[in-house]
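Fold and contact review
Okay, here's what each chain looks like letter by letter:
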Amino acid sequence: MKKSMKSAAMLLISVLAASTLVTACSSGSSNQPNTSGAPGLSDSAKPDLEPVELTMVFPVNTEQKDLKAVEEEINKITQKKINATVKLVQITKGAWAQQTTLMLSGNEKMDLIVSGRGTYEQQVAKGNYLALDDYIAKYGQGAQKALDDLDPAYLKASRIDGKTYGITSIRDLASDFGISMRKDLVDKYKIDTNAIRSVDDLDTVFKVIKENEPDVTPVIKFSNSILGSPFSAGMMDPLGDGFGVLQAHNDGMKVVNWIETPEYAKLLDTTRRWYLAGYVAKDAATSTEIWQNLMKAGKAFSTFHHMSPFSEAANSLTVGQDLIEVRLLPAASGTTSVITYMWSIPRNAQNPERSMMLLDLMYTDKDFINLLDWGIEGQHYVKKSDNVIDFPEGVNASNSGYYPYENWLFGNMFLSYVFNGEDPDRNQKLEEFIKNSKKSKAMGFIYNPESVKTEIAALTNVVNQYALALETGTVDPAKVLPEYIKQMKAAGIDKVIAEKQKQLDAWAAANK
Amino acid sequence: MKASKMSVLRLEMRKAKKYRMLVLMTLPGLLYFLVNNYLPMFGIVIAFKDVNFATGIWGSEWVGFKNFEYLFKTKDAYIITRNTLLYNLSFIVLNTAIAISLAILLNEIRKRILSRTYQTLILLPHLISMVIVGYLVLGFLDVEKGFMNKTLLPFFGLEPISWYSETKYWPWILTIVHAWKGVGQLCIIYLASIIGIDQEYYEAAKIDGANRWQQIQMITIPLIAPVITIMTLLAIGRIFYSDFGLFFQVPLNTGVLMPVTNTIDTYVYRALVNMGDIGMSSAAGLYQALVGFVLVLASNAVVRKFNKDNALF
């Protein structure tokens, strides 16, 4: 533990040192196609394509033990269509950041990787992804069409300096915001959910729970706060890191410090009121229990978060309790919501044009998509009707060999089967939801913090010191918020905002 | 001149021949250090570069000391340096004192089984992960369910304390936790060197009529002084590194407590865990290593001045 920082850094450095040597040695041969994985060309293979093996890296919640079997089925499709075999590499989300950083900085053979998850800009700045524009134009028209049918803004959103480094999957590309409540308690106390229009209508609801259910905390934090992120993302576009935001009601292009706005102060006051009334747990600031676990254990009544047309069903399934979602803020989308999950071609991909062909299949080929989404028919799922599927006899979510439930990640969700229990009209609702969402005026703007990273390091520490305590109501905002603002100024927030404003203005001028 | 040089060389050759077995035995260790500690030192250049993987480390742009700026630019720099230094200083003094006392006491226990039991019990905390220690502390300090607030303070008729939002208690809490966890290992080292002391010294002292306390004062402490010096020098070399687990896990990463729990390591971790900027993290590592190196040289020089035999080199 004592040496963890240092030895991690040392490990990284030595790996890097070794990898640069390896790069130098192997660069001469790296353009040769890899032929190892394609035994015997299939008859209908395109004659002009060399057989290749493509490695595809993606995050999973838990490791899927039938991955190899699914891979074999996928290869039947990909060999026929693009004369390539696919190697699937799954990495659990907990290990994702560390492992992929090492894989990207080393010389690991990868042809397609999930990008985003908060590190897209950094990885592009470090030169780890290839620019995709030429490949999209030649080999990725299917993916482009699928996205452009929704709105051309989504493909453009990931552009940095005019170049595309990632293609977003088609999923809930927008979010609305509100509160999730346990249905059993809502029914028990006859709470009228239609009467809940704003955050201030909730005091009476929490009061009922507090008085009648002594073991249940009326409201718990979703990630690290009660009414802060992710709920607050309905009131502003964080423009990347949240140091300098664009407020939702603001029609101009003025970047402001969210912490200094009256809206933020009001959220904190509300939270404090709830804390003092006992609606928030006294240990909210130190507890590290995730909301799903507290809900599962029946210890919590509600939490605020971002929502989509299928979040209610999905979250109910996760916590094993029926939840009711009440929307309080309208659907919005911005660059951040688009670039959280994308597909990119890593710098050391050996056949980028083939990677793009494979990616294109993920937006156009229904069989390929559903193999990735749900596994093998008959083994991992059975068809109930043309588009609705369910588990086969004796198989369920916990014993299935392949059930990643990542149909929102593997390309085009519109082509994914609807699982039994999901809304049969999911696709249509999702499409309407995305199309009706309010797009941030800065959709497509990606901020580059390179020139102010010294300030960002200092600001991150200030946020760590104050945000959690304030956003759980543990401390009095009247006293602590001014101090928080003062510390942010001392750490250089104004300089960071000025830089962001400059970049935003330049972007707006270039994208009129 | 030339002749003397030749003879020195010859002398060295003869020495090398004489000790070749010993030299051979150090080889695995030397190799280990070469591969594990010296080769990666080429990575130091990363601290002065804006690393771009597309162009490789050597091709990346030189940025001078820009990566170091964040360590000194804000007023946090003072707080984290103060915390790191003062905590470590008090840890060195306290842990050494406690460990030596314990070692002497353990040595006085004649019943072998008791002595072994105590040793094991004292060492046990050293083997517990800091993450778990953090939760053990929470067991004591939890606002609603903790032992302190639920049992101990009410017993004395005191009001419960919100431990995780009051900075004033934490310098004490951290010092106690660190001593509890770290003393065992140190104690064993001292105990080993005490056991190594020739019994004849004590017999002679007894004949001269020295009591137990005088024996400890006049024989035990002076004879383990070299070990104390070495252990202290080693600790001083790491004075700019803080126990990350102690300062991050034990206060449960609580923001309010940061004025008294933020050290260089936790600051760097918090600042860079999201940014993932290896240039800036290498800069912090290099800064800590350099200061530690200078401090070891300086304190060794001081020791050398007083007692040449006790110095490391």
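Residues numbered from 1 in each chain as written. Chains lettered and ligands numbered in written order. Predicted model: local features only at pLDDT ≥ 70, side-chain atom pairs only at ≥ 80, totals over all residues. Heavy atoms only, no water.

Under an unreviewed UniProt entry, the name given to chain B is Sugar ABC transporter permease, and the source organism is Paenibacillus selenitireducens. For chain B, the Subcellular location (unreviewed entry) comment in UniProt is given as "Cell membrane". (UniProt positions renumbered as here; feature names shortened; annotations may be inferred.)

Per an unreviewed UniProt entry, chain A is named ABC transporter substrate-binding protein, and its organism is Paenibacillus selenitireducens.

Quick look at the overall build of chain A
What chain A contains, in helices and strands, is 19 helices and 17 strands. Computed over its C-alpha atoms, the radius of gyration of chain A comes to 24 Å, within 12% of the 24 Å expected for a compact globule of 512 residues. Counting only C-alpha atoms and orienting by the principal axes, one finds that chain A spans roughly 70 × 55 × 55 Å. Within chain A, buried positions represent 54% of all 512 residues. A separation threshold of at least 6 residues defines the contact pool for chain A, and within that pool the share at least 24 residues apart is 77%. (Helix = DSSP H or I, 4+ residues; strand = E, 2+ residues; numbered from the N terminus. Rg over C-alpha atoms; globule rule 2.2 N^0.38 Å. Buried < 20%, exposed > 50% of the residue type's maximum accessible area, 1.4 Å probe, protein only. Contact = heavy atoms within 4.5 Å.)

Some points on the sheet that holds strand 17 (residues 438–439) of chain A
Residues and elements named next belong to chain A. The strand order across the open sheet formed by five strands is 8-11-7-12-17, and the pairing between neighbours is mixed. Only two strands of the sheet have a single neighbouring strand rather than two, namely strand 8 (217–220) and strand 17. Note: strand 8 against strand 11 (residues 300–307), three bridges, orientation parallel. Among the inter-strand pairings, V219 is bridged to a residue of strand 11, identified as S302. Each of strand 11 and strand 12 (323–333) touches helix 12 (residues 311–319); the most contacted strand, strand 12, lies at about 135° to it. (Pairing = 2+ DSSP bridges. Axes fitted to C-alpha atoms, helices over the stretch in contact; angles between N-to-C directions.)

What about the domain arrangement of chain B?
Size of an interface, as often reported, equals the accessible area lost when the parts are brought together. Under the domain assignment, chain B is made up of domain 1 (1–46) and domain 2 (65–128 + 158–310). Computed from C-alpha atoms alone, the centre-to-centre distance between domain 1 of chain B and domain 2 of chain B is 32 Å. (Domains from an automatic or database assignment.)

Some details on the interface of chain B and chain A
Taken residue by residue, the interface counts 51 residues in chain B and 38 residues in chain A. Between chain B and chain A lies a buried interface of about 3900 Å² when both sides are counted; carbon and sulfur atoms form 62% of it. Among the ionic pairs, A:K453 bridges to B:D50, the shortest N-O distance being 3.9 Å. Only helix 4 (69–72), helix 7 (130–141), helix 12 (244–248), helix 13 (258–261), helix 14 (264–272) and helix 15 (278–306) of chain B provide two or more residues apiece to the side of chain B that touches chain A. With six residues, helix 14 of chain B is the single largest residue contributor to the side of chain B that touches chain A. Here the residues of the side of chain B that touches chain A sort into 25 nonpolar, 13 polar and 13 charged. (Buried area = accessible area lost by both parts, 1.4 Å probe. Salt bridge = Lys/Arg side-chain N within 4 Å of Asp/Glu carboxyl O. Nonpolar A, V, L, I, M, F, W, Y, C, P; charged D, E, K, R; others polar.)

A few points about the side chain of A:T271
Residues and elements named next belong to chain A. Mapped onto the elements, T271 comes out in helix 10 (residues 262–276). Within the structure, T271 has its side chain in polar contact with the backbone oxygen of L267 (distance 2.7 Å). Among all residues touching T271, those that are not within four sequence positions of it are I226, L227, V280, E471, T472 and G473. (Polar contact = N/O pair within 3.5 Å; in protein donor to acceptor, adjacent residues only side chain to side chain.)

Considering the UniProt feature "transmembrane region" (unreviewed entry) in chain B
Residue and element names in this part refer to chain B. Under the present numbering, the feature "transmembrane region" (unreviewed entry) in UniProt falls on residues 21–48, 85–106, 118–141, 169–197, 218–241 and 285–303. Secondary structure over residues 85–106 splits into 100% helix and 0% strand, and the C-alpha atoms at its two ends are 31 Å apart. In residues 218–241, the share of helix is 83% and the share of strand is 0%. The end C-alpha atoms are 35 Å apart.

A short note on the sheet that holds strand 1 (residues 52–60) of chain A
Pairing within the open sheet is mixed, and its five strands lie in the order 2-1-3-13-6 (chain A). Edge positions in the sheet fall to strand 2 (84–92) and strand 6 (167–168) of chain A, since each has one partner strand and no second.

Let's talk about the side chain of A:S169
All names here are of chain A. On the secondary structure map, S169 appears in the loop between strand 6 and strand 7 (175–182). Here R171 takes part through its side chain, which lies 2.9 Å from a polar atom of the side chain of S169. For S169, the side chain forms a polar contact with the main-chain oxygen of W408, separated by 2.7 Å.

Some points on the pattern of salt bridges
Residues and elements named next belong to chain A. Counting across every chain of the model gives 26 salt bridges over all chains. We note a salt bridge from D203 to R273, for which the minimum N-O separation is 2.8 Å. Taken together, the positions of D203 in helix 9 (residues 202–212) and R273 in helix 10 put the pair 70 residues apart, joining distant regions of the chain. Where K207 meets E211, a salt bridge forms, and the shortest distance between an N and an O atom there is 3.5 Å. With K207 and E211 both in helix 9, this residue pair falls four residues apart, about one helical turn.

A few points about the packing of helix 6 (residues 141–150) of chain A against helix 14 (residues 352–364) of chain A
Residues and elements named next belong to chain A. At a closest axis distance of 7 Å, the pairing of helix 6 and helix 14 adopts a crossing angle of 40°. Judged on the interaxial angle alone, helix 14 and helix 6 are oblique. As for the relative orientation of helix 6 and helix 14, their crossing is left-handed in sense. When helix 6 is examined against helix 14, the residues Q141, G142, A143, A146 and L147 are found in contact with a partner set consisting of D360, Y363 and T364. Its residues placed into classes, the contact of helix 6 with helix 14 shows four nonpolar, three polar and one charged. (Parallel < 35°, antiparallel > 145°, perpendicular 65-115°, else oblique. Left-handed = near helix turned anticlockwise from the far one by under 90°.)

Focus: the UniProt feature "domain: PI-PLC Y-box" (unreviewed entry) in chain A
Within the UniProt annotation, "domain: PI-PLC Y-box" (unreviewed entry) is assigned to residues 391–453 of chain A. Between the C-alpha atoms that bound residues 391–453 of chain A there is a distance of 49 Å. The span itself is 19% helix and 6% strand.

Brief notes about the UniProt feature "coiled-coil region" (unreviewed entry) in chain A
As annotated in UniProt, the feature "coiled-coil region" (unreviewed entry) corresponds to residues 60–87 of chain A in the numbering used here. Taken end to end, residues 60–87 of chain A has its terminal C-alpha atoms 15 Å apart, with 57% of it in helix and 18% in strand.

Considerations on the confidence of the model for chain B
Should pLDDT be low for a region, the predicted coordinates there are not to be read in detail. All names here are of chain B. Taken residue by residue, chain B gives an average pLDDT of 87. The fraction at 70 or more is 97%. No element of chain B has a lower mean pLDDT than helix 1 (residues 2–18), which averages 76, and none a higher one than helix 9 (residues 170–195), which averages 93. With a pTM of 0.77, the predicted complex shows an ipTM of 0.72. (pLDDT = per-residue confidence, 0-100.)

Thoughts on the packing of aromatic side chains
Here the distance between the centres and the angle between the planes together describe a pair of aromatic rings. All names here are of chain A. Counted according to the given criterion, the structure contains 36 aromatic pairs over all chains. Between W274 and F304, the aromatic rings sit 5.8 Å apart at their centres with planes inclined by 10°, giving stacked as the arrangement. Of this pair, W274 sits in helix 10 while F304 sits in strand 11; the two residues are 30 residues apart in sequence, bridging distant segments of the chain. Judged on exposure class, the residue W274 and its partner F304 are both buried. Taking 5.1 Å as the distance between ring centres and 35° as the angle between the ring planes, the aromatic pair formed by W374 and F419 counts as tilted. Here W374 is found in helix 15 (residues 366–374), whereas its partner F419 is found in strand 16 (residues 418–419), with 45 residues between them in sequence. Exposure class is identical for W374 and F419. Each is buried. (Phe/Tyr/Trp six-rings, centres within 6.5 Å; stacked < 30°, edge-to-face > 60°.)

A look at the nonpolar core
A:L202, A:W274, A:F301, A:F304, A:L328, A:Y484 and B:Y70 are the most contacted members of the largest nonpolar core, which totals 85 residues. Per element, the largest residue contribution to this core is nine residues, and it comes from helix 17 (residues 453–471) of chain A. Once residues lying within four places of it in the same chain are set aside, the contact partners of B:Y70 are A:T454, A:A457, B:Y267, B:V268, B:A271, B:L272, B:M280, B:S281 and B:A284. A:F58, A:M110, A:L409 and A:I434 belong to the second-largest nonpolar core, a separate cluster that totals 71 residues. (Core = buried A, V, L, I, M, F, W, Y, C linked by side-chain atoms within 4.5 Å.)

Concerning the pairing of strand 13 (residues 341–344) of chain A
Consecutive side chains of a regular strand alternate in pointing toward one face of the sheet and then the other. All names here are of chain A. Because side chains alternate across strand 13, one face comprises the buried residues Y341 and W343, and the other comprises M342 and S344, equally buried. Here strand 3 (residues 112–116) runs beside strand 13; their pairing, made up of four bridges, is antiparallel. Across the sheet, residue G116 finds its bridge partner in strand 13, namely Y341. Taken together, the two bridges between strand 6 and strand 13 define a ladder with antiparallel strand orientation. Bridging across to strand 13, T168 finds its partner in M342.

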